[in-house]
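Single-letter residue listing:
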Amino acid sequence: MSSHTVSSQNDKKKKKKKRKFVKVHVGSVRPHRAIQRGNNLNFKGMSLKLTSECCFFSVCVKLLSASLIELRGGAPLLDMLPDIFEWPMAVDNWEDDYGKTWRLEDVIARLNEKYGTQLLVNFFVGTDDRDSTSYIIHFDQQTTLGLLSRDYYVCEGPYAEACRAYEQFMFDLAKLIRSDRGLDINETHIREEVTRVVDLERDIANATDTPEDRNNPVLLYNKMELGELNRNFTLEIDSQKFNWSYFTAKIMDTVNISVPESEKIINYSPNYYRRLNFVLAKYTKRDLQNYMVWRFAMNMVVGMSRAYRDTRKAFRKALSGTTSEVAVWRQCALYVNNNLDKAVGRLYVQEAFSEKSKELMEEMIKDIREVFISNLNDLAWMDEETKKAAEEKARAIRERIGYSEDIMDDKYLNNEYKDVSICGGKKTLTNISKKEPTLPGIDLSHDQLFFLNFAQIWCGSHRPEQAVNSIKVDVHSPGMFRVLGSLQNFPEFAKAFNCNKSSNMVSDNICRVW
């Protein structure tokens, strides 16, 4: 699926006049589609005036108000469950009502294309790693787990409490939904199903490639035709074979794009899919459905009524060490910023962004490039041909400073969102720092202030539970080591603070990233 194919399809779609859709929260943290007619926003019978991104924030606050949330109870989640083929442990007669026509492809596709939830098969369209001018379909392993990382699923020692809280969370939520639906509650039966779900997720976690296995981008890049997935990566559940072409079509049909069997795709996790097939052979379609809907439902409760939010309290405490909830205004600020980032950026630029700042950064980027190129001459291990190629690459960099001029265009903002670009550097900045007066009342040199500012960026504290989580799932080092580790290998820091050779901040073996 080339970028040309996507563009031509999109051009055809733009010619059709459609209702405008926006995303809003209503009693859950996931976005839902709401019909916007003119300046009126209508969702399930509720109508609110919508005039700008500022009012969008107000709409969010109103919809998340405690009184409205409590009034709706479990309705937002209960209304969505049939759309994702129901949660077997929270409903009666699932086999008769859903099981007979159930297909794994349908469930995974629906969760992906409509609710942004990637389970079992991670499907997305992104830039081709070896051709940045085109987009291509990617298939990857499941990248998120209910217990954050595979280590937790041993459920012993330091992980025992988190496992118990996780199972109790699922048990309590299933009970609450059955109660709200007026259904009988068989606690023994629910416990059995909860255990099966955790066992299944443990097996999925163990089937995933480890972070170490995924460090090599060359090994991740497995380009093949879509049809090859059907031939060489069989997934089977209850004697039903997973049809990769059908699954792909279920997602791409939502944007009116047809994908042939000969379409080139990238398979990031061939070994995961081979292992996953053995996992699926141990479980029933009811187990799979229980698991997938549980993973969807567990993320819904944060924006629902108090009774639903309370089901996750102990679990949140076990994982992060806190039970406090994010304030409504903060939820809405994050929500609006995440979904209308360019519109919010436009407001910031108009209110607080100086054009002079952009000019200064353009000058700084120019200096950074020149220092980088001059540093190439000091690299004894790099031959002349490679140095020349590195210089050409540096000169080919396109600057994106401050903001795109597009966000100042009303027409552009009305038709399109999402383009963020961040760049930065540390080593080169010290080489281009300008001599300025020192700050009054602070007995620190300009260079010392530079390093103090760098360290302060990463200043913070974590509860012990959250610190463990960050070690397990965060791709970055903890802030303390991002500061100390880099500066110990940075002679300019030792020079600025006159550190002697015996100092902990002077490394015997300095590492340098060119």
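Residues numbered from 1 in each chain as written. Predicted model: local features only at pLDDT ≥ 70, side-chain atom pairs only at ≥ 80, totals over all residues. Heavy atoms only, no water.

Enquirer: Provide a residue-level description of the overall build of the protein, including the pertinent values.
Expert: Tallying secondary structure elements over the protein gives 25 helices and 10 strands in all. Within the span of the protein, comprising 514 residues, buried residues form 39% of the whole. Contacts in the protein between residues at least 24 apart in sequence constitute 70% of all its contacts with a sequence separation of at least 6. (Helix = DSSP H or I, 4+ residues; strand = E, 2+ residues; numbered from the N terminus. Buried < 20%, exposed > 50% of the residue type's maximum accessible area, 1.4 Å probe, protein only. Contact = heavy atoms within 4.5 Å.)

Enquirer: Residue-level account of the pairing of strand β6 (residues 131-140), with values.
Expert: When strand β5 (residues 122-128) meets β6, the two strands line up antiparallel, connected through seven bridges. Bridge assignment links G126 to a residue of β6, and that residue is I136. Where β5 hands over to β6, the hairpin turn is made up of two residues, counted between the paired strands. Pairing analysis gives three bridges linking β6 to strand β10 (residues 264-267), with the strands arranged parallel. (Pairing = 2+ DSSP bridges.)

Enquirer: Before we move on, could you go through the state of the cysteines and cite the residues and values that matter?
Expert: Summed over the entire model, instances satisfying the criterion amount to one disulfide. Shown here is the disulfide that connects C155 with C163, its sulfur atoms set 2.0 Å apart. In this structure the cystine formed by C155 and C163 twists about its S-S bond by roughly -75°; its chirality is therefore left-handed. Classification of C163 as buried rests on a relative accessible area of 3%. (Disulfide = S-S within 2.5 Å.)

Enquirer: Tell me about the packing of aromatic side chains, and please be specific about residues and values.
Expert: Applying the stated rule across the entire model yields 22 aromatic pairs. With a centroid separation of 5.8 Å and an interplanar angle of 90°, the aromatic rings of F123 and F247 are classed as edge-to-face. One end of the pair, F123, is in strand β5; the other, F247, is in helix α11 (residues 244-252), with 124 residues separating them in the sequence. Just as F123 is buried, F247 falls in that class too. (Phe/Tyr/Trp six-rings, centres within 6.5 Å; stacked < 30°, edge-to-face > 60°.)

Enquirer: Go over the nonpolar core, please, and point to the residues and values.
Expert: By size, the foremost hydrophobic cluster in this structure holds 82 residues, and its most contacted members are W87, L104, F139, L288 and M292. No other element matches helix α7 (residues 160-180), which puts 11 residues into this core. With eight residues, the next largest nonpolar core counts F490, F493, A496 and M505 among its residues. (Core = buried A, V, L, I, M, F, W, Y, C linked by side-chain atoms within 4.5 Å.)

Enquirer: I'd like a rundown of the sheet that holds β6, residues and numbers included.
Expert: An order of β5-β6-β10-β7 is seen for the four strands of this open sheet, with the pairing classed as mixed. The sheet is open, and its two edges are formed by β5 and β7 (223-225), each paired on a single side. For this sheet, the mean angle separating the axes of adjacent strands, direction not counted, is 40°. Bridge count for β7 against β10 is three bridges, and the pairing is antiparallel. Residue pairing in the sheet places K223 in a bridge with I266 of β10. (Axes fitted to C-alpha atoms, helices over the stretch in contact; angles between N-to-C directions.)

Enquirer: Give me the lowdown on unusual backbone geometry, citing residues and values where you can.
Expert: Most peptide bonds adopt trans geometry, and most residues besides glycine take a negative phi value. At L120, a residue that is not glycine, the phi angle is positive and equals roughly 65°. Considering the arrangement of structural elements, one finds L120 in the loop between α6 (104-115) and β5. The residue L148 is not glycine, and still its phi comes out positive at about 70°. Turning to its location among the elements, L148 is positioned in the loop between β6 and α7.

Enquirer: So what's going on with the packing of helix α22 (residues 446-457) against helix α24 (residues 479-488)? Residues and values would help.
Expert: Their axes nearest at 8 Å, the elements α22 and α24 cross at an angle of 145°. Counted together, F451, F454 and A455 of α22 and R482, V483, S486 and L487 of α24 form the full contact between these two elements. Here the residues of the contact of α22 with α24 sort into five nonpolar, one polar and one charged. (Nonpolar A, V, L, I, M, F, W, Y, C, P; charged D, E, K, R; others polar.)

Enquirer: Can you break down the environment of L319 residue by residue, with the values?
Expert: If you trace the backbone, L319 turns up in helix α15 (residues 313-320). L319 sits in the buried class, given a relative accessible area of 9%. Considered as a pair, L319 and Y166 are 153 residues apart in the sequence and their alpha carbons are 9.5 Å apart. For L319, the residues in contact, after removing those within four places along its chain, are L148, Y152, A162, E465, Q466 and N469.

Enquirer: Which residues make up the pattern of salt bridges, and what values go with them?
Expert: Inspection of the entire model under this criterion finds 24 salt bridges. A salt bridge links D83 to R110; its shortest N-O distance comes to 2.9 Å. On the criterion of sequence distance, the pair formed by D83 in the loop between α4 (75-80) and α5 (94-97) and R110 in helix α6 is long-range, its members being 27 residues apart. D140 is the partner of R214 in a salt bridge, and the nearest nitrogen-oxygen pair spans 2.8 Å. (Salt bridge = Lys/Arg side-chain N within 4 Å of Asp/Glu carboxyl O.)

Enquirer: Describe the packing of helix α18 (residues 355-376) against helix α19 (residues 384-395), with residues and values.
Expert: Closest axis-to-axis distance for the α18/α19 pair is 10 Å, and the angle between their directions is 175°. One finds that α18 runs roughly antiparallel with respect to α19. Contacts between α18 and α19 involve R369, E370, F372, I373 and L376 from the former and K387, A390, E391, A394 and R395 from the latter. When the residues that make up the contact of α18 with α19 are grouped by side-chain class, the tally is five nonpolar, no polar and five charged. (Parallel < 35°, antiparallel > 145°, perpendicular 65-115°, else oblique.)

Enquirer: Can you lay out α6 for me, pointing to particular residues and giving the numbers?
Expert: Taking 1.5 Å as the rise per residue, α6 with 12 residues should run 16 Å; its terminal C-alpha atoms sit 16 Å apart, in good agreement. Counting buried positions along α6 yields nine of 12 residues, so the element is predominantly enclosed. (Expected span 1.5 Å × (residues − 1).)

Enquirer: Can you lay out the confidence of the model for the protein for me, pointing to particular residues and giving the numbers?
Expert: Mean pLDDT for the protein: 82, with 84% of residues reaching 70 or above. Note on residues 419-435: pLDDT under 50 across the span, and 34 contacts to partners over four residues away in sequence or across chains. (pLDDT = per-residue confidence, 0-100.)

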